[in-house]
Each structure stands twice: as C-alpha cells, then as structure tokens.
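# Structure at a glance
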Amino acid sequence: MDRLANTVRPYAWGSTTALPELLGTAPTGEPQAEMWMGAHPGAPSRIDRGTGPVSLAEAIDADPETELGADTVRAFGPRLPFLLKLLAAASPLSLQVHPDLAQAAEGFADEERRGVPIDAGHRNYKDANHKPELIVALTPFDGLCGFRHPAQAAGLLEGLGVDDLKPYVDILRATPEEDALREVLTAVLSAEHHAIAGTVERAAVAADRLAAEAGPHADAYAAYAVLAHHYPGDPGVLAAMLLNHVRLQPGEALFLGAGIPHAYLSGLGVELMANSDNVLRCGLTPKHVDVPELLRVVRFEAGDAGVLRPEDVNGEEVYETPIDEFRLSRFVLAPGAAPHPLASRTPQILLCTAGTVQLRDADADADADADADAEAGADAGLTLAPGESAFVPAGERIALSGDGTLFRATVVA
C-alpha cells in the first residue's frame, strides 16, 4: 500500500478554512477548493516506493495489470477509472450537466475532426468518457440537483411576484412536463443578456425578501438569492429556480448521472467520479456556455433530488450507484474492535476523514506488536489521520482498525 501525496486546487469558489481544518494545517488565506486523489493527468497523486517520488499515473502506466488488476484493465483500459476528491465549497460552482458515454464519444470525435484545440476555452469535450459523480456530505452541504416538477417550479416562480416571469409560469402549468422544462430552460438561456438581466435582478430581490419571511420555500429562495449575489444578472439564476434545492446532512449523498443539471453551493464533502473532464455549463460561470449542445445533453425529467444514504453490508456502509467505474463506501471504526479485512481484485483508494485509521497487511502475523511492525518497514502498514489517503493495488489484502472514519473508493469489475 502507498501513502498518497495529493494536490490541492485553489479554485476561486473554494473555502479558505474547511480543508485546512480537516487536514490540521494553517490556512493560507487563499481558497482551497479540491484535493485530488488518483491518477488524473491534471493533478496525479504522488507515491514513494523507496526510489523517490513518482506520480501514481506513472506507476500505473509502468505495470497496469499489477496496479489495477486484470479485471479493471479489461473493463476500462490501462488507467485508474475514477478520481476521488475532497471538495470544499464556500460559494456556488457553475450550473452544469455531464454527457453519457455515447454523447461524450460523439462530441469528442466531432471536436477532434473540426480541429478544436483541446485547451480551447470554447471546447466542450476534453475526452470521450462520461462523468457520473457522487458527493457525500461531511458537513451540512447545499446543492441543486435535477428538475422540480413543473407545477412546483411554477409555484416557486409565481411566488416571487415578478411580472416578467409570468410567461414561464404559464408554460410550466399548461405544457406537458418534458416540453415545459425544455421550453423554459431554452428561453431563459437563449435570451439576450441585457433583456433578461433586469428580470434576474428583480427575482433576486424578491427571493432575498421571501427568504427572510421563513415561508415554506425560504431555504430555496435563500439559495437563489445567494446565486444572484455571486452572479448578478446571470440567466443561470432563473435556470437554477427550475431545480430542486437540497441540503444534505453529514453522511447523506447525491448521485449525479448523465444529463442531470446540478450545482454545488456550499459545504465540505467527499466526491467520487469517473475519470473525465467533460462539463457542459448552464450558467453561473464566466466560462463558455454552449446552449445548443447543452440542450442536446440535458435530460428533461422531473423528480426529487434523490438523497442517498449508505446501506450496511457486513460493517461496510455502501453508497449504491448504477456505475461500474467506481464504488464508494464508508467504515466507522471503533477502538478495540476486531480488524476489518479488505480484499479486492480491483484498485482502492482509502481516505480518512475523522480520527485515526490503521491499515495493515492482512497476511501479517496477527500477534506481531506495533514495535515489531515499525521495525519491519513500510510493508507493516500505514496510519492515516484526517485528510490522509492511501492507494492499495489490486489483489493486496489489508485490514482496517482504529478509531475513526474511512472512505473506500474502488471499482465494480
């Protein structure tokens, strides 16, 4: 097993305090938005097996079957198919959707054929993969996820008392669900900025007032007012009002499949996703918004946000998703409990988020004492503190113990 040295990404929306508090480090005063754990080329983790630090990506490239296992390589090719993150949002991320596999392959091939540079600001597809993702809250976590039922969205918009919104309200009430959502989202995102900015501002003022009145939608109105504060006049604020507002409690999760519009607003969480950079933005961003391509990818299906809670499987709390590239679970370990064995034909990344967790070679002598293990060297095991993580190659058998919380990311293969 390998202790990971990870990169923290300083995106502007990141918290200045949440990751330092978890990691036990001093804040720098700069935003610290995401810590990446994995082999993504943008910021691969680093390991040291006694010959100096190398990136995890390089180690996997050198011997994919040993590091990933034959099953993973057969299913997903010679690369780690997931990326694990700690995500700390102090302000809203962009409103976005991700393509499915077929859409990603088609879009990537089209942009390659047209010669769009891979790093161009207007490029939509950085690779041919899909990007489903799962976020688990470590603190109370606010987000937007999926479309509200049109009647609910109509009531929310009507409650603002802004005359300019009445045409959208009428469409949402009089048109079949999919057509209503498509028509309103298209109208909002296609409007000339100068024509809709005033409507957004009036809606924001009303949302701020209604949030203070503690009515049934006060939390949602407060969230939309915050969006408008960060992105004044942005039509994405109105698009966001079509979506479910959800507040996750620690341990609760959201799964974001292909075509589901979503945005993270605030909070600290563990995020696991397929290894892709494909994002189509709906708004709340200064970056490129390709409305026609976005509308091709969005799934205009209404429903609730679908909050997930883990299911206990022999002491392992599993977050079930319909994705094979990744599987996320959680262990809450108690002192004095018997070590919990972990064996997998697929690679694993283990992340401690509370307390301390010991990772030991499950085949080692169970009666060996800690001093003997320390003298035995790196093979004896690792102790992880909050924010620390380890990579476990396929086929290695380890055992968990300690007094803390550990998240396990692996592959379904």
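Here we summarise the structure given alongside this text. In this text, all values refer to a predicted model and were calculated from it rather than measured experimentally.

Secondary structure summary: the chain contains 13 helices and 21 strands in total. Relative to the compact-globule value of 22 Å for 413 residues, the chain shows a C-alpha radius of gyration of 23 Å, a close match. If one aligns the C-alpha atoms of the chain with their principal axes, the spans along those axes are about 75 × 50 × 40 Å. For the chain, the proportion of its 413 residues judged to be buried stands at 54%. Counting only contacts in the chain whose residues sit at least 6 apart along the sequence, the fraction spanning at least 24 positions is 78%.

It is worth spelling out the environment of D312 at this point. Residue position: D312 is located in strand β14 (residues 311–313). Sequence-wise, D312 and R330 are 18 residues apart; in three dimensions their C-alpha atoms are separated by 9.3 Å. Only 3.5 Å separates the side chain of D312 from the backbone nitrogen of N314, close enough to count as a polar contact. One polar contact links the side chain of D312 to the main-chain amide nitrogen of G315, over a distance of 3.2 Å.

For the rest of this paragraph, the subject is the packing of helix α7 (residues 166–174) against helix α8 (residues 177–190). Between α7 and α8, the shortest axis-to-axis distance is 8 Å and the interhelical angle comes to 160°. In terms of their interaxial angle, α7 and α8 are classed as roughly antiparallel. Note on packing geometry: the crossing formed by α7 with α8 is right-handed. Between α7 and α8, the contacting residues are Y168, I171 and L172 on the first element and A180, L181, E183, V184, A187 and V188 on the second. The class makeup of the residues in the contact of α7 with α8 is eight nonpolar, no polar and one charged.

Applying the stated criterion across every chain, the model contains 25 salt bridges. With a shortest N-O distance of 3.1 Å, K85 and E34 are connected by a salt bridge. Placement of the pair is K85 in strand β6 (residues 82–89) and E34 in strand β3 (residues 34–37), with a sequence separation of 51 residues. Residue R247 pairs with D219 through a salt bridge whose shortest N-O separation is 4.0 Å. Linking R247 in strand β10 (residues 243–248) with D219 in helix α10 (residues 218–230), this pair joins segments that are 28 residues apart in sequence. Judged by its relative accessible area of 42%, R247 falls in the partly exposed class. Given the relative accessible area of 46%, D219 is considered partly exposed. Residues joined in a network through salt bridges with shared partners are D2, R49 and E67.

Each α-helix winds once per 3.6 residues, and so residues spaced three or four apart point in a common direction. Between its first and last C-alpha atoms helix α5 (residues 101–113) spans 18 Å; for 13 residues at 1.5 Å apiece the expected length is 18 Å, and the two agree. Here α5 starts with a cap whose side-chain oxygen sits 3.2 Å from the backbone nitrogen of A102, and that cap is D100. Note on α5: the residue one or two positions beyond its end, G115, has a positive phi of about 70°.

Moving on, we come to the packing of aromatic side chains. A full pass over the atoms with the stated rule returns three aromatic pairs. Aromatic pair F141 and Y264: ring centres 5.5 Å apart, planes at 75°, arrangement edge-to-face. Residue F141 is located in strand β9 (residues 141–147), and its partner Y264 is located in strand β12 (residues 262–274); the two are separated by 123 residues in the primary sequence. When sorted by exposure, F141 lands in the same class as Y264, which is buried. Above the ring of W36, the side-chain terminus of R9 is found at 4.6 Å from the ring centroid.

For the rest of this paragraph, the subject is unusual backbone geometry. If you check the backbone angles, L284 has positive phi at about 60° while not being a glycine. Tracing the sequence through the fold places L284 in the loop between β13 (280–283) and α12 (291–297).

Time to look at the state of the cysteines. On inspection of all chains with the given rule, the structure shows zero disulfides. Between C282, a free cysteine, and C145, which holds the nearest cysteine sulfur, the sulfur-to-sulfur gap is 12 Å.

Here the focus is the nonpolar core. Residues L160, L172 and L238 are the most contacted members of the largest nonpolar core, which totals 55 residues. When sequence neighbours within four positions are dropped, the list of residues in contact with L238 reads L165, Y168, V188, I196, T199, V200 and A203. Core analysis: the next-biggest nonpolar cluster, separate from the first, contains 36 residues, M37, I47, L80 and A88 among them.

Reading the values: rules and limits
Residues numbered from 1 in each chain as written. Predicted model: local features only at pLDDT ≥ 70, side-chain atom pairs only at ≥ 80, totals over all residues. Heavy atoms only, no water. Helix = DSSP H or I, 4+ residues; strand = E, 2+ residues; numbered from the N terminus. Rg over C-alpha atoms; globule rule 2.2 N^0.38 Å. Buried < 20%, exposed > 50% of the residue type's maximum accessible area, 1.4 Å probe, protein only. Contact = heavy atoms within 4.5 Å. Polar contact = N/O pair within 3.5 Å; in protein donor to acceptor, adjacent residues only side chain to side chain. Axes fitted to C-alpha atoms, helices over the stretch in contact; angles between N-to-C directions. Parallel < 35°, antiparallel > 145°, perpendicular 65-115°, else oblique. Left-handed = near helix turned anticlockwise from the far one by under 90°. Nonpolar A, V, L, I, M, F, W, Y, C, P; charged D, E, K, R; others polar. Salt bridge = Lys/Arg side-chain N within 4 Å of Asp/Glu carboxyl O. Expected span 1.5 Å × (residues − 1). Phe/Tyr/Trp six-rings, centres within 6.5 Å; stacked < 30°, edge-to-face > 60°. Lys NZ or Arg CZ within 6 Å of the ring centre and 35° of its normal. Disulfide = S-S within 2.5 Å. Core = buried A, V, L, I, M, F, W, Y, C linked by side-chain atoms within 4.5 Å.

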